[in-house]
Amino acid sequence: MEMMLELQGVGKQYKEFALQDVTVSLPKGYIMGYIGRNGAGKTTTINLINRICNPSEGTIRVNGITYEEDPIRYKEQIGFIGDESYFPKEMRIKDIRSILKHSYQSFDEKEFNQMIKNWKLPEKQKIEKFSRGMKVKLMFACTLCRETKLLILDEATNGLDPVMREEVLELLQDYIASGERSILFSTHMLNDLEQIADYIVFIEDGKIILNDTKDDILESYVKIKGKKEDLSQVLRERMIGISTKDYGFEGLLSTENADLLSKKYVIEKPNIDQIMVHMLREKKGGHAYEGI
Amino acid sequence: MNVLISNQSELPIYAQIREQIKEQILNGQIKEGTVLPSIRKLAKEIGVSVITTTRAYNDLEEEGYIATMQGKGSVVLSKDNTFLKEQYLMRIEEGMLTAIETAKRIKLDEEELVDLLHRLWKE
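Residues numbered from 1 in each chain as written. Chains lettered and ligands numbered in written order. Predicted model: local features only at pLDDT ≥ 70, side-chain atom pairs only at ≥ 80, totals over all residues. Heavy atoms only, no water.

## Some details on the overall build of chain B
- The number of helices and strands found in chain B is five helices and three strands.
- When the helices and strands of chain B are listed from N to C terminus, the series reads α-β-α-α-β-β-α-α.
- On C-alpha atoms alone, chain B measures out to a radius of gyration of 18 Å, which is more than a quarter above the 14 Å that the 2.2 N^0.38 rule sets for 123 residues.
- Principal-axis analysis of the C-alpha atoms gives chain B an extent of 55 × 35 × 25 Å.
- Sorting the 123 residues of chain B into buried and exposed places 32% on the buried side.
- For chain B, long-range pairs separated by at least 24 residues make up 48% of all intrachain contacts whose partners lie at least 6 apart in sequence.
- Accessible surface, chain B as shown: approximately 8,400 Å² in total, 54% of it carbon and sulfur.
- Taken together, the 16 basic and 20 acidic charged side chains of chain B have centroids lying 7 Å from each other. (Helix = DSSP H or I, 4+ residues; strand = E, 2+ residues; numbered from the N terminus. Rg over C-alpha atoms; globule rule 2.2 N^0.38 Å. Buried < 20%, exposed > 50% of the residue type's maximum accessible area, 1.4 Å probe, protein only. Contact = heavy atoms within 4.5 Å. Areas by Shrake-Rupley, 256 points an atom, 1.4 Å probe, with all protein chains shown as cover. Lys, Arg positive; Asp, Glu negative; His and termini not counted. Charge placed at Lys NZ, Arg CZ, Asp CG, Glu CD.)

## A word on helix 2 (residues 39-46) of chain B
- Taken together, the buried positions of helix 2 of chain B are occupied by Arg40, Leu42, Ala43 and Ile46 of chain B. One side of helix 2 of chain B carries all its buried residues, which in axial view fall inside an arc of 165°. Facing away from the buried side of helix 2 of chain B by over 90 degrees, the exposed positions are Lys41 and Glu45 of chain B.
- Contact partners of the buried residues in helix 2 of chain B: helix 6 (162-176) of chain A together with helix 1 (13-26) and helix 3 (50-62) of chain B. (Arc of directions from axis to C-beta.)

## With respect to the pairing of strand 2 (residues 66-69) of chain B
Residues and elements named next belong to chain B.
- Two strands pair when backbone bridges link them, and strand 2 and strand 3 (residues 73-76) are joined in this way by four bridges, in the antiparallel orientation. Within the sheet, the bridge partner assigned to Ile66 lies in strand 3 and is Val76.
- The loop that links strand 2 with its antiparallel partner strand 3 comprises three residues; one of these, Gly71, has a positive phi angle of about 80°. (Pairing = 2+ DSSP bridges.)

## Description of the nonpolar core
- Within the largest apolar cluster, 82 residues are counted, with the highest numbers of intra-cluster contacts made by Ile49, Phe112, Leu138 and Phe140 of chain A.
- At seven residues, helix 6 of chain A tops the list of elements feeding residues into this core.
- With sequence-adjacent residues up to four places away left out, Phe140 of chain A is seen in contact with Ile81, Trp119, Leu151, Leu153, Val168, Leu171 and Leu172 of chain A.
- Counting 17 residues, the second-largest nonpolar core is a separate cluster that includes Ala56, Tyr57, Tyr65 and Ile66 of chain B. (Core = buried A, V, L, I, M, F, W, Y, C linked by side-chain atoms within 4.5 Å.)

## Topic: the sheet that holds strand 1 (residues 3-13) of chain A
Residues and elements named next belong to chain A.
- Spatially, three strands are ordered 2-1-4 in an open sheet, and the strand pairing comes out antiparallel. Each of the sheet's edge strands pairs with one partner strand only, and the pair in question is strand 2 (18-27) and strand 4 (57-62). Across the sheet, the axes of successive neighbouring strands diverge by a mean angle of 15°, strand direction being ignored.
- Where strand 1 lies against strand 2, seven bridges are found, and the strand directions are antiparallel. Bridge pairing links Met3 to Pro27 in strand 2.
- Across the face of the sheet, helix 1 (residues 42-49) comes into contact with strand 1, strand 2 and strand 4 while running at roughly 115° to strand 1. (Axes fitted to C-alpha atoms, helices over the stretch in contact; angles between N-to-C directions.)

## Observations regarding the confidence of the model for chain A
- Mean pLDDT over chain A works out to 91, with 98% of the residues at or above the 70 mark.
- Within the model, the stretch residues 286-292 of chain A combines pLDDT values under 50 with 12 contacts to residues more than four positions away or in other chains. (pLDDT = per-residue confidence, 0-100.)

What follows is the structure in structure tokens.
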């Protein structure tokens, strides 16, 4: 498979924080969810891909090329949407249109105008008067009206209403439909985006702790709940992020340990967010949560 | 063709897609020679990932329901009667196994279970 994004042993040292040995491959035509808690290193990674800062080590390739090989082509291929609007608040849509026209060779004005019209974005209003949803739509219009190959979203769907999230979902699926473009979206909460993600990369404390296809991850774990008296020693040891409460216990179990399952327990399919919570709880030492 | 995904289902999403398409091929709603929508189109249509849909199509291909041909897409294969019958027999067996297991749990013996079957058959 041809790769759209490749990070090989990427690291970045800060005084207080280090991103270590990040190795990730995203093939052409697929969507990757980059998940982790606030401060885990998601935005640092994205800043490195966007070349807002330089990696201390490792290489990053977008559509086969590194920034050093061809900085302009490298950057033109990337579309970025963050959680905050990057437009000066005094600006209006016409100002943004003229900036885009001068900044990007591939800017398609007709396409841009069409999106502004479809989404009913007010031409004459200042950006500061835009709602959160309108700002996100404007950022999408600015990105989708030019030829990009890799779309990077950094917490871009935070604070959107469910209808708008649904619309974004469709936009993202449209973006990769041809099989020639890819999406990396980072979020601390996958939610409804889980369904469309092909790959999941999970980062914690600057290190990748899980990196696989979403379907394989979902199939690797079950969530079990049970009565406290049914919790055997061996089950307690094998469970991931177990929490025992007054009225029972719950935790994650790798499907490799399926022999420990019995009808005594309630067995559920976890979603990616739940898997993340249990893994983090395990890292912290599952038993610290006892009695809460 | 209809594919309806349930988040409450016990089955993983790729298996839901596979089973629903299979069902419609078996009951004749999707006729032989029909070209299924492309993987990417279906993924977009039902709002699931491309890998999930690919897996469903791969399973269908492995089980002999469809064949994917370069440039033509995924075509529903013809099913002779023996194949159809086998599929249904397997399904009957599965149902019966569940019945037997449940019967054993309440200590119902073979004769009583067969009686029950006779009675239900006549209804």
